[in-house]
Amino acid sequence: MCRTVDLHQAVLARNDENALALRGYLGDRGTVAVNLLSSPGSGKTALLEQLLARAVAAGVTAAAVTADLATENDATRLARSGAPVRQILTDGLCHLEAGMLRRRLEGWMPEGTRLLFVENVGNLVCPASYDLGETLRIALASVTEGEDKPVKYPTAFGLAQLVVITKTDIADAVGFDREAFLRGVEQVNPGVPVLETSARTGEGVDALLAHVLRAADGEEAHVPVLAREHERYLDSHDHGDGTGPHVHDGDGDHDHGEGRGPSSGGRGRHDDVPGAAPVPAETGGNAP
């Protein structure tokens, strides 16, 4: 079991290295990346289409990368905004990785891009563990998914720097318990900002764009408790060789799966993945 865990941590460690390089690559170009995480059907594509359209209308240079296991439907939809969009097909992988994203950006991302929205694969488990070099990580949930979503997926919501509620125009119709949802968010991520949005009515879209632009202007984002806890964990688990996260050769019996937030590399706990096994570090990215 330890070997399985350690191999998984090796994959995460390599992703952290790639994410650090990607963060530098984006920073050198003055680009801020925004990582969007949610379940399938949360409405993030519809919301992102509205965000891109408003950014374009306001003269903000924005682009988007969208990831799916198959089809280019979301890229086609997002392109209606007028912003440059690129699709990544992951060939069955349940999340994006930093190296995969970097390869798809090189030679494509327009010069002067200020905002890069990354629509991750629809999944609240695996993507939470992978840093994509983002400046801002956003977890989204629709009113149709139930108010206990944050406590069911504490890593995804616990590492978010912003939580967005979607489809608020039908909240009353589906009996959404807003206060219960907010209590759950506060439980897993104290103090994280929460925005309520509707792509259909436009509610909250301007506020969301303004929040992203403030991050692009250098405003300090929320630092999740889970991220701070992982920093302390790393400090207390130093082998004295300056190497930071490390890989055992099957001789230990401990799991390094504590959560690391976006501000410190983005690795989250992966122990909430039933039967987690090592995943390939480099795959997908075969879209044109």
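Sequence order as written defines the numbering, with residues in each chain counted from 1. Local features are withheld for residues below a pLDDT of 70 in this predicted model, meaning they are given only at 70 or higher, and side-chain atom pairs are given and counted only at 80 or more; totals for whole chains, interfaces and linings count all residues. The side-chain quantities take in all heavy atoms of the structure and omit both hydrogens and water.

(A) Broad picture of the sheet that holds strand β5 (residues 136-142). Pairs of strands are assigned from DSSP output, requiring at least two bridges between the strands. In this text, helices come from DSSP runs of H or I with a minimum length of four residues, and strands from runs of E with a minimum of two, each type numbered from the N-terminal end. Read from one edge to the other, the open sheet built from 7 strands follows the order β3-β2-β4-β1-β5-β6-β7, with strand pairing classed as parallel. Of all the strands in the sheet, just β3 (85-89) and β7 (194-196) have a single pairing partner and so form its edges. Averaged over all pairs of adjacent strands, the angle between strand axes in this sheet comes to 20°, irrespective of strand direction. With 5 bridges joining them, β5 and strand β6 (residues 162-166) adopt parallel strand pairing. Residue pairing for β6: A139 is matched across the bridge by V163. In this fold helix α4 (residues 98-105) packs onto β2 (62-68), β3 and β4 (115-119), with an angle of close to 140° to the strand it touches most, β3. Note on geometry: axes are C-alpha line fits, over the in-contact stretch for helices, and angles between N-to-C directions span 0 to 180 degrees. It only takes one pair of heavy atoms within 4.5 Å for two residues to be counted as in contact.

(B) Focus on the nonpolar core. Counting residues in hydrophobic clusters, the biggest one holds 28 residues, and the most contacted among them are L52, L115, F117, I138, V164, L208 and V212. For this core, the element with the highest residue contribution is helix α9 (residues 205-216), accounting for 6 residues. Ignoring sequence-local partners within four residues, the contact set of L208 consists of L47, L51, I138, L162, V164 and L195. The nonpolar core is taken to be a set of buried Ala, Val, Leu, Ile, Met, Phe, Trp, Tyr and Cys residues, with the residues joined through side-chain atoms within 4.5 Å. Any residue under 20% of the maximum accessible area for its type is buried, any over 50% is exposed, and the rest in between are partly exposed; the area is computed with a 1.4 Å probe on protein chains only. One finds L22, V65, A67 and M109 within the second-largest nonpolar core, a separate group that totals 20 residues.

(C) Fine view of helix α2 (residues 44-57). Compared with the 20 Å implied by 1.5 Å per residue over 14 residues, the 20 Å span of α2 between its first and last C-alpha is a close match. Among all positions in α2, only K44, T45, A46, L47, L48, E49, L51, L52 and A55 are buried. Given the number of residues in a helix, its expected span is that number minus one, multiplied by 1.5 Å.

(D) Structural detail: the environment of P190. With respect to the helices, strands and loops of the structure, P190 is situated in the loop between α8 (178-188) and β7. Between the alpha carbons of P190 and L226 there is a distance of 9.7 Å; along the sequence they are 36 residues apart.

(E) Examining the pattern of salt bridges more closely. For salt bridges, the criterion is a side-chain nitrogen of Lys or Arg within 4 Å of an Asp or Glu carboxyl oxygen. In the structure shown here, the tally under the stated rule is 13 salt bridges. E49 is the partner of R80 in a salt bridge, and the nearest nitrogen-oxygen pair spans 3.1 Å. Taken together, the residues R80 in the loop between α3 (73-78) and β3 and E49 in helix α2 connect sequence positions 31 residues apart. Accessibility expressed as a relative area gives 59% for R80, which makes it exposed. For E49, a relative accessible area of 15% puts it in the buried group. D206 serves as the salt-bridge partner of R54, at 2.9 Å between the closest nitrogen and oxygen. Of the two residues, R54 sits in helix α2 while D206 sits in helix α9, which places them 152 residues apart along the sequence.

(F) Layout of the side chain of S42. By the secondary structure assignment, S42 is in the loop between β1 (32-37) and α2. By the criterion applied in these results, polar contacts are pairs of N or O atoms within 3.5 Å in which, for protein atoms, one can donate a hydrogen and the other can accept it, and in which residues neighboring in sequence qualify only through two side-chain atoms. A polar contact is formed between the side chain of S42 and the backbone nitrogen of K44, at a distance of 3.4 Å. Residues in contact with S42, not counting those within four places in the same chain, are S142, E145, T166 and K167.

(G) Layout of the pairing of β6. Counting buried positions over the 5 residues of β6 gives 5, a clear majority of the element. Residues L162, V164 and T166 point to one face of β6 and V163 and I165 to the other, with burial holding for every one of them. In this structure, β6 lies alongside β7, joined through 3 bridges in parallel fashion. From the neighbouring strand, I165 faces β7, where its bridge partner is E196.

(H) Fine view of the environment of V174. Structurally, V174 is set in helix α7 (residues 171-174). By relative accessible area, V174 is classed as partly exposed at 42%. A C-alpha to C-alpha distance of 6.5 Å links V174 and T144, two positions 30 residues apart in sequence. Other than its neighbours up to four places away in sequence, V174 contacts V143 and T144.

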